[in-house]
Number of protein chains: 4
Amino acid sequence: MEFKSQQAIYIQIADHICEKILRNEYQSDEKILSIRELAIDVSVNPNTVARTYEYLEEQGIIYKQRGIGYFVAKDAITKILLLKKECFFREDLPWLFKNMRLLGIEFSELQEKYTRSTDI
Amino acid sequence: MEFKSQQAIYIQIADHICEKILRNEYQSDEKILSIRELAIDVSVNPNTVARTYEYLEEQGIIYKQRGIGYFVAKDAITKILLLKKECFFREDLPWLFKNMRLLGIEFSELQEKYTRSTDI
Amino acid sequence: MEFKSQQAIYIQIADHICEKILRNEYQSDEKILSIRELAIDVSVNPNTVARTYEYLEEQGIIYKQRGIGYFVAKDAITKILLLKKECFFREDLPWLFKNMRLLGIEFSELQEKYTRSTDI
Amino acid sequence: MEFKSQQAIYIQIADHICEKILRNEYQSDEKILSIRELAIDVSVNPNTVARTYEYLEEQGIIYKQRGIGYFVAKDAITKILLLKKECFFREDLPWLFKNMRLLGIEFSELQEKYTRSTDI
DNA sequence: GTGGTCTAGACCACC
DNA sequence: GTGGTCTAGACCACA
């Protein structure tokens, strides 16, 4: 796994897990990798993964069972969508539109790029 | 001037100056506020503004004259647009599209929000 | 470490590090002293070393890993040589030759001094 | 007149005057431009030229007559040569040689550049 | 532990 | 007046 330097690694790992959940690669109540396993998997310090799990747990996306591990919450997808959409419409979109106007980018240009982009 | 806590203040000041230039509130070769003046103006430490100016100078957006002050570079607008557009199309847009698909947001919804938004 | 008063300390520290790299005292991807360690080592304020590292990072000579430290870039030697040679041939040498002619110094005199000098 | 940003303008002006003297464009006891004239000539603040003249006077290269102006000292050429040569052999050459060895530049390369350079 | 940022205040060279 | 540099010390996020 490659990390951008501009964003905290623990956040990037969290996003990665959220995307997996959204793509149904994890089922509800499915056990996810242990902190140590994931740490080795993505080559970071276990503390960093612990931080990720703590962060996801705060948001109710995963839950832990002491001595066993971390599990995907039942309504994880709902919660992720709620959180991300809220942020998307409140922060990301206004910022996007402001930049478009400042940079003189037409909406039609956006549409063209969108239809052409197929990577998910 | 209000600052968000998530981003470095010196960057926010730099962005603010760039936006002013893009809006033609500064002419080419026009002298901008001195470090101390701007520091008082936005209520930060002069060192912080110095960091902003140093940062903008690196990018060729402003230049300095010894003992006189900082000035807007001739092709400042061009440079800002180049930098911001490059980042916009390389990073911001792909990220936007990826999120839209993950969150199940239709493009038509985007268009609606755009036409309704008028803040610049 | 002794500093000349005429040049910024953070630049002198940077030059010192570059020379170490050129002399192969540092390997590629080797971790260099932390900001605080080097600050104590050369008896300056940590901020000054931070400035040095930031300066070297801009030039691609070192890179950083969040929360871990700074490391020597893979092609650090190449980059240093490129930067220094470019400056040497573009600025230093013409200035040298101009001065020699102005001061009436023969090239043979230069050669004699060179062969006699052994300090590196 | 064009100025490099890296060196103080008053020093660059002083060097320029010294070179003129070395090229015999000024005679002994010849009056040089007044502070205001030269300031207009090279487009700088008169204070800066005043600083230049003060600097040259300290070194005995020019002298002033109150109310009349500044004049080239009798032994100006001798003094300039003395100062510059001393600096050249004590500071510039050792620094040059050190850099050559660090950068792996052969002396023969220097010789070639020298014979080819004809600009004075 | 690491680096990043900010403040406060100082001194300097330069214009 | 201008910017440049340095110190001291603080707080923060991150690994």
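The structure we're discussing is the one just above.
If you're wondering where the values come from, they're calculated on a predicted model, not measured in any experiment. (Residues numbered from 1 in each chain as written. Chains lettered and ligands numbered in written order. Predicted model: local features only at pLDDT ≥ 70, side-chain atom pairs only at ≥ 80, totals over all residues. Heavy atoms only, no water.)

Some words on the packing of helix 5 (residues 107-116) of chain A against helix 4 (residues 76-103) of chain B
- Across the interface, helix 5 of chain A lies against helix 4 of chain B with an axial gap of 11 Å and an inter-helix angle of 65 degrees. By the angle class used here, helix 5 of chain A and helix 4 of chain B are roughly perpendicular. The element helix 5 of chain A and its partner helix 4 of chain B pack so that their crossing is right-handed. Residues Glu 109, Leu 110, Lys 113 and Tyr 114 of chain A of helix 5 of chain A lie in contact with helix 4 of chain B, whose contacting residues are Phe 88, Phe 89, Leu 93, Phe 97, Met 100 and Arg 101 of chain B.
- In terms of residue class, the contact of helix 5 of chain A with helix 4 of chain B is built from seven nonpolar, no polar and three charged. (Axes fitted to C-alpha atoms, helices over the stretch in contact; angles between N-to-C directions. Helix = DSSP H or I, 4+ residues; strand = E, 2+ residues; numbered from the N terminus. Parallel < 35°, antiparallel > 145°, perpendicular 65-115°, else oblique. Left-handed = near helix turned anticlockwise from the far one by under 90°. Contact = heavy atoms within 4.5 Å. Nonpolar A, V, L, I, M, F, W, Y, C, P; charged D, E, K, R; others polar.)

Let's talk about the protein's contact with DNA strand E
- DNA strand E sits among 26 residues. The nearest are Ile 9, Asn 47, Thr 48 and Arg 51 of chain B together with Lys 64 of chain C.
- The protein-proximal atoms of DNA strand E, defined as those within 4 Å of the protein, are 71% sugar or phosphate.
- Between Arg 36 of chain C and DNA strand E, the recorded distance is 2.8 Å, taken from a side-chain N or O atom to a base nitrogen.
- Within the backbone of Gly 67 of chain C, one N or O atom sits 3.5 Å away from a sugar or linking oxygen of DNA strand E. (Near = heavy atom within 4 Å. Polar contact = N/O pair within 3.5 Å; in protein donor to acceptor, adjacent residues only side chain to side chain.)

Looking at the protein's contact with DNA strand F
- Contacts to DNA strand F come from 27 residues, most closely from Lys 64 of chain B together with Ile 9, Asn 47, Thr 48 and Arg 51 of chain C.
- In the interface set of DNA strand F, defined as its atoms within 4 Å of the protein, sugar plus phosphate atoms amount to 75%.
- One nitrogen or oxygen atom from the side chain of Tyr 10 of chain A is found 3.4 Å from a phosphate oxygen belonging to DNA strand F.
- Contributions of two or more residues to the surface near DNA strand F are made by helix 1 (9-22) and helix 3 (46-58) of chain A, helix 2 (35-42) and strand 2 (69-72) of chain B together with helix 1 (9-22) and helix 3 (46-58) of chain C.
- Residue classes in the surface near DNA strand F are distributed as eleven nonpolar, ten polar and six charged.

Considering the pairing of strand 2 (residues 69-72) of chain D
- Looking at chain direction, strand 1 (residues 62-65) of chain D and strand 2 of chain D are connected through four bridges and run antiparallel. The partner of Gln 65 of chain D across the bridge, within strand 2 of chain D, is Gly 69 of chain D. (Pairing = 2+ DSSP bridges.)

Details of the relation of the copies chain D and chain C
- If you rotate chain D by 178 degrees and push it 0.3 Å along the axis, it lands on chain C with an RMSD of 0.5 Å. What the superposition gives is, in effect, a two-fold axis relating one chain to the other.
- When you check the interface residues of chain D against chain C, 97% turn up at the interface there too, and the contact is symmetric in its surfaces. (Least-squares fit on C-alpha atoms with pLDDT ≥ 70 in both.)

Focus: the pattern of salt bridges
Residues and elements named next belong to chain A.
- This model, assessed by the stated rule, comprises 38 salt bridges over all chains.
- Where Arg 23 meets Glu 19, a salt bridge forms, and the shortest distance between an N and an O atom there is 3.6 Å.
- Its salt-bridge partner being Arg 90, residue Glu 86 comes within 2.8 Å of it at the nearest N-O pair. Residue Glu 86 and its partner Arg 90 are both found in helix 4 (residues 76-103); the two are separated by four residues, about one turn of the helix. (Salt bridge = Lys/Arg side-chain N within 4 Å of Asp/Glu carboxyl O.)

Brief notes about the environment of Gln 12 of chain D
- Mapped onto the secondary structure, Gln 12 of chain D falls in helix 1 (residues 9-22).
- Gln 12 of chain D gets classed as buried once you look at its relative accessible area, which sits at 10%. (Buried < 20%, exposed > 50% of the residue type's maximum accessible area, 1.4 Å probe, protein only.)

As for the interface of chain D and chain C
- Contacts between chain D and chain C engage 30 residues on the former and 31 residues on the latter.
- Sorting the residues of chain D by area buried against chain C places Arg 101, Leu 103 and Tyr 114 of chain D first, and these three jointly supply 21% of that buried surface.
- At the boundary of chain D with chain C, the tally comes to two salt bridges.
- Our count for the contact surface shared by chain D and chain C stands at four residue pairs in polar contact (both at pLDDT 80 or more).
- Among the secondary structure elements, those contributing two or more residues to the side of chain D that touches chain C are helix 1, helix 4 (76-103) and helix 5 (107-116) of chain D.
- Tallying contributions element by element places helix 4 of chain D first for the side of chain D that touches chain C, with 16 residues.
- For the side of chain D that touches chain C, the residue count by class is 16 nonpolar, four polar and ten charged. (Buried area = accessible area lost by both parts, 1.4 Å probe.)

Regarding unusual backbone geometry
Residues and elements named next belong to chain A.
- Even without being a glycine, Ser 43 presents a positive backbone phi close to 60 degrees.
- Relative to the helices and strands, Ser 43 is located in the loop between helix 2 (35-42) and helix 3.
- A relative accessible area of 62% means that Ser 43 is categorised as exposed.

A look at empty space enclosed by the protein
- For the structure shown, the criterion picks out two cavities of 30 Å³ or more.
- Of the pockets and cavities examined, the largest cavity occupies roughly 40 Å³.
- Around the largest cavity sit Asp 92, Trp 95 and Leu 96 of chain A together with Asp 92, Trp 95 and Leu 96 of chain B, which together line it.
- Contributions of two or more residues to the lining of the largest cavity are made by helix 4 of chain A together with helix 4 of chain B.
- For the lining of the largest cavity, the class distribution of residues is four nonpolar, no polar and two charged.
- Taken as a whole, the second largest cavity encloses approximately 30 Å³ of empty space.
- If you trace the second largest cavity, you find it lined by Asn 99, Leu 102 and Leu 103 of chain A together with Asp 15, Cys 18, Glu 19, Leu 22 and Lys 84 of chain B.
- At the level of elements, helix 4 of chain A together with helix 1 (9-22) of chain B are the ones that each hand at least two residues to the lining of the second largest cavity.
- Here the element with the most residues in the lining of the second largest cavity is helix 1 of chain B; it accounts for four residues.
- Broken down by class, the residue content of the lining of the second largest cavity amounts to four nonpolar, one polar and three charged. (1 Å grid on protein atoms, 1.4 Å probe; cavity = no way out; pocket = protein on both sides within 12 Å on 5 of 7 lines; lining within 4 Å. Points joined across faces, edges and corners; volume = space filled by probe spheres on them.)

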